[in-house]
Amino acid sequence: MPPIRKCLFPAAGYGTRFLPATKAMPKEMLPVVNKPLIQYGVEEAARAGITDMAFVTGRGKRALEDHFDTSHELERQIAGSERESLLEDIRRLVRECRFSWTRQREARGLGHAVLTGETLIGNEPFAVLLADDFCVTGDAGVLGQLTAVFAEQQCSIVAVEEVPASETASYGMIAGEEISPGLFRVSRMVEKPAPEEAPGNLAIIGRYILTPDIFAILRATEPGRNNELQLTDALQSQARQGKVLALRFRGRRFDCGSVAGYMAANEYVWKRP
Ligand code: UTP
């Protein structure tokens, strides 16, 4: 299979845990200190060698498109001033990456959002990044860790981390055999199980590499928990054939979809040397 060139950013959720901030603004535009979550996500993808950034958005998400466009008025306004340096990173991304957009007309689940992105991805393996899972690593980033495994293993890969039993109902949970340190061949996945139904303590976080057969599987998958099309249910079909790995990523994650996680991320980045 070709190397990973494209990353899909599902960003069509309603962000109800963050109301009222997300009433008219996408949660992906919330800043950690002074940079929006989505920009951290695109930077992580770019560091993993990905050039094509594909977004699945919804109503009220236009700010996302504007963020990855050039604002000529603003450029003129700050030209030559010391504030120009604040735009350096975003300018580089806009220059070096390709951006494409599609809309999910109704938030019918992460699986449905990924299927909506098929038109932007086509028939090749791709990454998925949920920008509200904010990750800090000492290396090229979680997607970089996943693409390195993909280069060797050529199958779908999910990033996982250990969570306490009290939190299993917030995640897709996996079970599997550890085939090398931190790398598991997934045998079972369950979306948001109660602690007693969880197959283990490893939770899927918002970083994936998916092989393109996932689209056909998603099309054949019935809506699951909450009557939403669940990506975990489709991945479970691949896992049954031994075609899903889980990598316990090296680094730290903040759930910026929750107010507490978001506050912790801001404090962490603000105080970082
Ligand atoms: P969440 O479960 O965090 O849902 O989605 P949400 O709607 O964004 O937030 P809350 O729970 O109401 O506060 C996980 C990711 O999947 C995307 C979201 O944008 C988020 O990045 N998603 C979810 C979609 O793009 N479409 C959907 O139909 C559902």
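Structural data are supplied above this passage.
Small disclaimer: the values here were computed from a predicted structure and weren't measured. (Residues numbered from 1 in each chain as written. Predicted model: local features only at pLDDT ≥ 70, side-chain atom pairs only at ≥ 80, totals over all residues. Heavy atoms only, no water.)

Chemist: What am I meant to see in the pairing of strand β10 (residues 183-191) here?
Modeler: For a regular strand, the rule is simple: side chains alternate between the two faces of the sheet. In this structure, strand β9 (residues 172-180) lies alongside β10, joined through 8 bridges in antiparallel fashion. In the strand pairing of β10, G172 is matched with E191. Adjacent in sequence and paired antiparallel, β9 and β10 are bridged by 2 residues, among which G182 carries a positive phi angle near 85°. In this sheet, strand β12 (residues 244-248) lies alongside β10 in antiparallel orientation, the contact comprising 3 bridges. Bridging from a neighbouring strand, F184 pairs with A246 of β12. (Pairing = 2+ DSSP bridges. Helix = DSSP H or I, 4+ residues; strand = E, 2+ residues; numbered from the N terminus.)

Chemist: I would appreciate a short explanation of the pattern of salt bridges in the present structure.
Modeler: One pass over the full model with this rule turns up 18 salt bridges. The shortest N-O distance in the salt bridge between E44 and R207 comes to 2.8 Å. A residue pair is termed long-range when its members are at least 10 positions apart, and E44 in helix α1 (residues 37-47) and R207 in strand β11 (residues 202-210) qualify at 163 residues. Across the pair, R207 and E44 agree in class, each one buried. For the salt bridge of R253 with D133, the shortest nitrogen-to-oxygen distance reads 2.6 Å. Placement of R253 in strand β13 (residues 252-255) and of D133 in strand β7 (residues 133-136) is noted, with a sequence separation of 120 residues between them. The exposure classification of R253 matches that of D133, with both residues buried. (Salt bridge = Lys/Arg side-chain N within 4 Å of Asp/Glu carboxyl O. Buried < 20%, exposed > 50% of the residue type's maximum accessible area, 1.4 Å probe, protein only.)

Chemist: For this particular structure, what's the right way to read the packing of α1 against helix α4 (residues 88-96)?
Modeler: Helices that pack against each other are described as a pair by the angle of their axes relative to one another and the distance between those axes. Two elements in contact, α1 and α4, have axes separated by 11 Å at closest approach and are oriented at 55°. Between α1 and α4, the angle is such that the two are oblique. Our pair here, α1 against α4, has a crossing hand that is left-handed. Counting all contacts with α1, which are made through Q39, V42, E43 and A46, the residues of α4 involved are D89, I90 and L93. In the contact of α1 with α4, the residues fall into 4 nonpolar, 1 polar and 2 charged. (Axes fitted to C-alpha atoms, helices over the stretch in contact; angles between N-to-C directions. Parallel < 35°, antiparallel > 145°, perpendicular 65-115°, else oblique. Left-handed = near helix turned anticlockwise from the far one by under 90°. Contact = heavy atoms within 4.5 Å. Nonpolar A, V, L, I, M, F, W, Y, C, P; charged D, E, K, R; others polar.)

Chemist: I tried to follow the site of the ligand on my own but got confused; where do I start?
Modeler: Around the ligand sit 18 residues in total, of which T16, R17, K27, Q104 and G109 are the nearest. In this structure, an oxygen atom belonging to the ligand sits 2.7 Å away from a side-chain N or O atom of K27. One of the backbone nitrogen or oxygen atoms of R108 is found 3.1 Å away from an oxygen atom of the ligand. Burial of the ligand by the protein chains amounts to 82% of its free accessible area of 570 Å². Partitioning the shell around the ligand into residue classes produces 8 nonpolar, 5 polar and 5 charged. (Near = heavy atom within 4 Å. Polar contact = N/O pair within 3.5 Å; in protein donor to acceptor, adjacent residues only side chain to side chain. Areas by Shrake-Rupley, 256 points an atom, 1.4 Å probe, with all protein chains shown as cover.)

The values reported here are purely geometric and, on their own, carry no functional implication.
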